[in-house]
Amino acid sequence: MRRAERLFRLVRELRSRHISRAEDLAATFEISARTIYRDIAHLQASGLPIEGEAGVGYILRPGFDLPAMTFTFEQIDALAVGLSFVEAAGDASLSLAAKEVRAKLQAALPEPEQRKLDQAPFFASRRDGPADPKLRTIREAIREARILRLGYVDADGAITDRLVRPLAIWAFTDGWLFVAWCELRSAFRAFRLDRISMIELTGDHFADEPDKDLGAYLSSKLLVHRIGG
């Protein structure tokens, strides 16, 4: 990793932590603590508001913004692959947003003639085509922490009326799931979009409750999604 790239990532790491010890940063970047000390000293000499000292830890004072940085070719490829997937697999509004992001990033890139994002040779497709339009409603509910009402068809064909707290969306090769806290079952459940017969945003918002949020779901280490039920 070039030093300029490492310094950029170091600043980003400092911003994400309250206090950063050199030993922890060294482990993150797989370099020596002595190199971290030198990098910190260089950043401080460049005017970055980093406080602290060796053996204690470092804090980057709030209010500092990272300057724009040229993407590496590998990073451009990563963006192109991800955007291509969203363009092909997302719902209509998400696909359009991905195209707009691609155009904005391309216009902002230094040396755009060398770093082609708008004409990158990476493409994606899905056997089942673009996502169901219901995905847009689910994304809005997650963003605004709003309760959803669902009509949901289970594996036996029975329809249940559910109030759920949507938490996350999973994209799979053969379809989409979204994970939610289900008020009917008082448990986490994953719902297939193709089994939703009705979906609507309610006017109710849900509070952040530690035992019902995404962190609780992930910490439960559910390796297999419990579908509906």
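Everything below is about the structure printed above this text.
(A) Broad picture of the nonpolar core. With 17 residues, the main nonpolar core has L148, L150, V164, F178 and F191 as its most contacted residues. Of all the secondary-structure elements, those providing two or more residues to this core are α6 (134-144), β3 (146-153), β5 (175-182) and β7 (196-205). Among the elements that make up this core, the one with the highest residue count is β5 (four residues). The residues touching F191, leaving out its near neighbours within four places in the chain, are L150, Y152, R162, V164, W176, L177, F178, A180, C182 and G228. Listed in part, the 15 residues of the second largest apolar core include V11, F29, L43 and Y58.

(B) Up close: the packing of helix α4 (residues 73-89) against helix α5 (residues 92-108). α5 packs onto α4 with a crossing angle of 155 degrees between their chain directions and a minimal axis gap of 8 Å. Relative to α5, α4 is oriented roughly antiparallel. Considering how the two elements wind past one another, α4 and α5 form a crossing that is left-handed. Contacts between α4 and α5 involve L79, A80, L83, S84, V86 and E87 on the former and, on the latter, L94, S95, A98, K99, V101, R102 and L105.

(C) Seen up close, the packing of aromatic side chains. Inspection of the entire model under this criterion finds five aromatic pairs. Geometrically, the ring pair formed by Y152 and F191 is edge-to-face, given 4.9 Å between the ring centres and 85 degrees between the ring planes. Here Y152 is found in strand β3, whereas its partner F191 is found in strand β6 (residues 187-192), with 39 residues between them in sequence. Exposure remark for F191: the relative accessible area of 0% places this residue in the buried category. Arranged with centres 6.0 Å apart and planes meeting at 70 degrees, the rings of W170 and Y217 form a pair that is edge-to-face.

(D) Spatial organisation of the side chain of K212. Its location among the elements puts K212 in the loop between β7 and α7 (214-219). If we skip the residues at most four places from it in the chain, K212 touches R165, L167, W181 and F188.

(E) Fine view of the pattern of salt bridges. Applying the stated criterion across every chain, the model contains 16 salt bridges. Of the charged contacts, one joins R139 and D91 as a salt bridge, the two residues approaching to 3.0 Å between their closest N and O atoms. Here the residue R139 occupies a position in helix α6, and D91 occupies one in the loop between α4 and α5, the gap between them amounting to 48 residues. The same class applies to R139 and to D91, which are both buried. Across the pair R146 and E140 runs a salt bridge, and its minimum N-O distance is 3.8 Å. Overall, the relative accessible area of 25% leaves E140 in the partly exposed class. Salt bridges sharing partners connect three or more residues here, namely R165, E183, E209 and K212.

(F) Examining unusual backbone geometry more closely. Of note, A145 is a non-glycine position whose phi angle comes to about 50 degrees, a positive value. On the secondary structure map, A145 appears in the loop between α6 and β3. Its relative accessible area of 23% is what places A145 among the partly exposed residues. Of note in the backbone geometry, S186 takes a positive phi value of approximately 50 degrees without being a glycine. Within the secondary structure layout, S186 lies in the loop between β5 and β6.

(G) Region of interest: the environment of G228. Among the structural elements, G228 can be located in the segment after α7. Taking the C-alpha atoms as reference points, G228 and V179, separated by 49 residues in sequence, lie 9.7 Å from one another. Contact partners of G228, with chain neighbours within four places excluded, come to Y152, R162, R189, A190 and F191.

(H) Quick peek at the sheet that holds β7. Sheet architecture is open: five strands sit in the order β6-β5-β4-β3-β7, paired in antiparallel fashion. Of all strands in the sheet, those bounded by a partner on one side alone are β6 and β7. Direction aside, neighbouring strands of the sheet carry axes that sit 45 degrees apart on average. Sheet topology note: the β3/strand β4 (residues 159-172) ladder contains six bridges and is antiparallel. Each bridged residue has a counterpart across the sheet, and for L148 the counterpart in β4 is V164.

Definitions and cut-offs
- Residues numbered from 1 in each chain as written.
- Predicted model: local features only at pLDDT ≥ 70, side-chain atom pairs only at ≥ 80, totals over all residues.
- Heavy atoms only, no water.
- Core = buried A, V, L, I, M, F, W, Y, C linked by side-chain atoms within 4.5 Å.
- Buried < 20%, exposed > 50% of the residue type's maximum accessible area, 1.4 Å probe, protein only.
- Helix = DSSP H or I, 4+ residues; strand = E, 2+ residues; numbered from the N terminus.
- Contact = heavy atoms within 4.5 Å.
- Axes fitted to C-alpha atoms, helices over the stretch in contact; angles between N-to-C directions.
- Parallel < 35°, antiparallel > 145°, perpendicular 65-115°, else oblique.
- Left-handed = near helix turned anticlockwise from the far one by under 90°.
- Phe/Tyr/Trp six-rings, centres within 6.5 Å; stacked < 30°, edge-to-face > 60°.
- Salt bridge = Lys/Arg side-chain N within 4 Å of Asp/Glu carboxyl O.
- Pairing = 2+ DSSP bridges.

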